[in-house]
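# Structure at a glance
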Amino acid sequence: MLAYLALAVDHPHSRAVLATLFWPEEGDSAASHNLRQTIYDLRRLLDSTDPREGGRQPYLLVTRQTIQFNPASDYDLDVARFLDMLQSDRQEEAAALYRGDLLAGMIVDGTPFEEWQHYRREQLHRQAMNLLGQLAERYLHQQLFDKAQRHAQRQLELEPWSEPAHRQLMRALWLAGERSAALAQFQVCRQILAAGAWVEPQAETLWLAQQIRQEHLLPRPCQPPGNKADSQHNLPAPLTSIVGREAELRHVKELLAHDDCRLLTITGLGGIGKTRLALAAAHAQLNAGWHEVHFIALSPLAVITSSETLAHNMIQALAKVKPTLHPQGETASLTLSHLWHNRKVLLVLDNCEVIVSGAEWLANLLMAAPGLKILAVSRHRLNLQAEWAIPLNPLSLIPEANAALPLSPGAQLFVQKARQARPQFQVTGHNLPWINQICQLLDGLPLGLELAAARVRLYTTRQIAGQLTASASALSADELDRPDRHRSLTAVFESSLALLTPEEWQLFCRLAVFNSGFSIEAAQAIAGTVPATIFRLLDRSLLRFDPASQRFLRHPLVYAYALEKLRESPEEEHAARAHHAAFLLPSWTKGVRRCVASNRPRPYARSRPTWKTSLLLGTGSSNNSSSNCWH
C-alpha cells in the first residue's frame, strides 16, 4: 500500500479503488474494513509522533473518500529521483541509481495491484535499458571503449538475451583491440539465445560477427561527423517552430538512440503534426553520428502496390542528393541495399499510408543494411514485425481559460498562427475564453487550429468560435504551398477514408450512432463485424483506445464527419440505429428496474430517444445482450 501511494503521489485515490485494487475477491464491506485497518497501521508506523509537532507534514492525507501520500511531506523516493535525472539529462547519475526491478521480491498474487506493479516495473526497466544503450552508443562514438563496455555489460546483467547490448559489447571489445574477446562474446550471445528460446542471432548480429571475423571493420567505424555539414542530408529547413511536442520529440530521440529500434512509425490523424514532428526529430539527429540523413515524401496521390515501385520512388527522390544514383543491371531494391550496406543512415519516409502493398520490403532493406534506421510517417501502422509505433495525439488543452495560468499548447499554436495572419493580434482577458473554446471545439487538432487562426484577419475570436459551433468542417485555407489534402478538414478526412475497404467504410459510418466512447462488444453488435475490422480503424488513427475506460474514442471532428456520411444513406442509418436500440434496451430496462426498486431518480432521460426507437422497431425483445454503454 505504501509503495503504491508513494509511486502515485500526484493525486488522491478513492477508497473504493484502493479496496478493489488490493482485495478484489472480498466483498465491499470486508475490503473496506481491510483498507481501514491497513491505513490505520500505516499511519501508526509513519506518523508515530504527532505530525504537527515541529511543523512536520503528515505522510498520509486521509479523508472519508480518498487517501493520498502527501507530496509535501519529508521523504525521498528513488524512482522520483531516477525520473528527474532522466528529464534533466543527468544520465550517468540515473544509470548508477537504477539497480534492478521495481519492488523486487514483493509478490501480491492475483490482484489488480500485481498488474499495476508489473506495468510500472516493465516501464522503469525499459527506460533504464534505453538509457544504458544510449550511454554505450555515446561512448563508442567518443572512443571511450571501457565505458562503452561497462554500460553494455550492465544491460546484459538486466537482460542477458538483449542482442543490441551484445552487439555494443562486441563492437567495444573489437575497437579496443580485443578481437578474440569480441568473437567470444558473439558465442556467448548465441548460447544464451539457443538455451532460452532455441533461436539464432538476428541478421545484424551475424553480420557484425562476420565483419569482426574477417577484420572488415575500420578501427573507428561510424565516427560522428565533426559538424552538421559532414552529415549528408536533404532535410527541408523548418518554416515554423514546433509547439507543444517537447515530450513526443524527446520520446522519438530516445527510441532512435536505441539499437533495437530500427523502424519507428509516427501515426495519427491527418493534420495532427506527424511530419513536422518527424522533421524536427531528424534535424536534431544531424550531429548524432549519422553518415546520411534523408527525407523522402511519397506522393499522396499515387498508391504504391509493389516493393519495386516503392524502391524506385525512393531512388528518384534520393537522386536529387546523389545525381549518379540509378539501378545498373540490378533491381532498385538491390541498389539501395548496396548503397547503404556499410553506412549509418537515417531515412525519414513520409506519407507511408499510400503503401498498400510492398511495405514488407522495408524489413528486408533493414536486414540488408544494418546501419539503416527508418522514421516513417503514416496515418496508419505499417504492421511489420520490426515496427515501433508512436501514436500522436492532439495538442493538450485546459478545461477553462485562466489568465493566471500559461496558455495550453493548443492555445499557444492558435496564438502563434493568429499573429502570423495579423501581427497586431494579442491575448486579452476578453478573447482568452473564446480562444480556449476554439481549441476545445477543435479538440487540439493542429491543422484545425491553424485554419481557424487564419480567420482572425476578418473575424473576432468570438465569431470564429460561433462558426465552429455551426460547422468545423467548413474551415479551409488558401496558402499556395499547402498540400491539397491539408487545405480543409474535409479534404483531410476524405483523403484518409479513400484508403478504407468497403467493410471498413461501413463500420466507420455505423459507429456514428455512438456520440461518445463505446466498447468493442457494442461496436460488434451495431456493425455486425469482427474485432479485426475495428482494430484496422484503430491502426488507421480513426479510433483511439483508452485503457482506463476500456473504450474506443474518436476525435470530435471525425465523429461529426462520420455522422454526416451516415445520414447521407437513410437506409444505412436506420439499420445502424435499430441495432443500437436493440443493443441498449436490455441495459436500459435493467437500470430502470434498479431505480424503481430503490426509489432513486431516473438517470436514463437521455436514453429515451434510443428506447423509443427500440420499441417502434420492435427489436428489443430479440436481443439478450447487455452493456453499460447506455449511461
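Scope of this entry: the structure provided in the associated data block. If you're wondering where the values come from, they're calculated on a predicted model, not measured in any experiment.

## Section: the overall build of the chain
- Regarding its fold elements, the chain presents 26 helices and eleven strands.
- When each of the 631 residues of the chain is scored for burial, the buried share is 46%.
- Pairs at least 24 apart in sequence give 69% of the contacts found in the chain among residues at least 6 apart.
- Total accessible area on the chain is roughly 31600 Å²; 53% of this is exposed by carbon and sulfur atoms.

## Here's the deal with the sheet that holds strand 6 (residues 292-297)
- In space, the six strands of this open sheet follow the order 4-6-7-8-5-9, with parallel pairing throughout. Each edge of the open sheet carries a strand with a single partner, namely strand 4 (232-233) and strand 9 (387-391).
- Of the pairings in the sheet, the one linking strand 4 to strand 6 comprises two bridges and is parallel in character. Residue pairing for strand 6: His 233 is matched across the bridge by Val 293.

## Overview of the sheet that holds strand 3 (residues 66-69)
- Strand order in the open sheet formed by three strands is 1-3-2, and the pairing between neighbours is antiparallel. Each edge of the sheet is formed by a strand with only one pairing partner; in this case those strands are strand 1 (13-14) and strand 2 (60-62).
- In the sheet, strand 2 pairs with strand 3 via three bridges, with the strands oriented antiparallel. Among the inter-strand pairings, Val 62 is bridged to a residue of strand 3, identified as Ile 67.
- With respect to the sheet, helix 3 (residues 28-46) is in contact with strand 2 and strand 3, its orientation differing from that of strand 2 by roughly 140°.

## As for the environment of Thr 305
- Position of Thr 305 among the secondary structure elements: in the loop between strand 6 and helix 13 (307-318).
- Distance from Thr 305 to Val 356, taken between C-alpha atoms, is 5.4 Å for residues 51 residues apart in sequence.

## Here we look at the pairing of strand 6
- With five of six residues buried, strand 6 lies mostly within the body of the structure.
- Direction of pairing for strand 6 relative to strand 7 (residues 345-350): parallel, over a ladder of six bridges. Residue pairing in the sheet places Ala 297 in a bridge with Asp 350 of strand 7.

## Description of unusual backbone geometry
- The phi dihedral of Asn 351 falls on the positive side, at around 60°, and the residue is not glycine.
- Within the secondary structure layout, Asn 351 lies in the loop between strand 7 and helix 15 (360-368).

## A word on the side chain of His 125
- For His 125, the location among the structural elements is in helix 6 (residues 112-141).
- Those residues in contact with His 125 that lie beyond four places of it in its chain are Tyr 98, Asp 101, Leu 158 and Glu 159.

Analysis parameters
- Residues numbered from 1 in each chain as written.
- Predicted model: local features only at pLDDT ≥ 70, side-chain atom pairs only at ≥ 80, totals over all residues.
- Heavy atoms only, no water.
- Helix = DSSP H or I, 4+ residues; strand = E, 2+ residues; numbered from the N terminus.
- Buried < 20%, exposed > 50% of the residue type's maximum accessible area, 1.4 Å probe, protein only.
- Contact = heavy atoms within 4.5 Å.
- Areas by Shrake-Rupley, 256 points an atom, 1.4 Å probe, with all protein chains shown as cover.
- Pairing = 2+ DSSP bridges.
- Axes fitted to C-alpha atoms, helices over the stretch in contact; angles between N-to-C directions.

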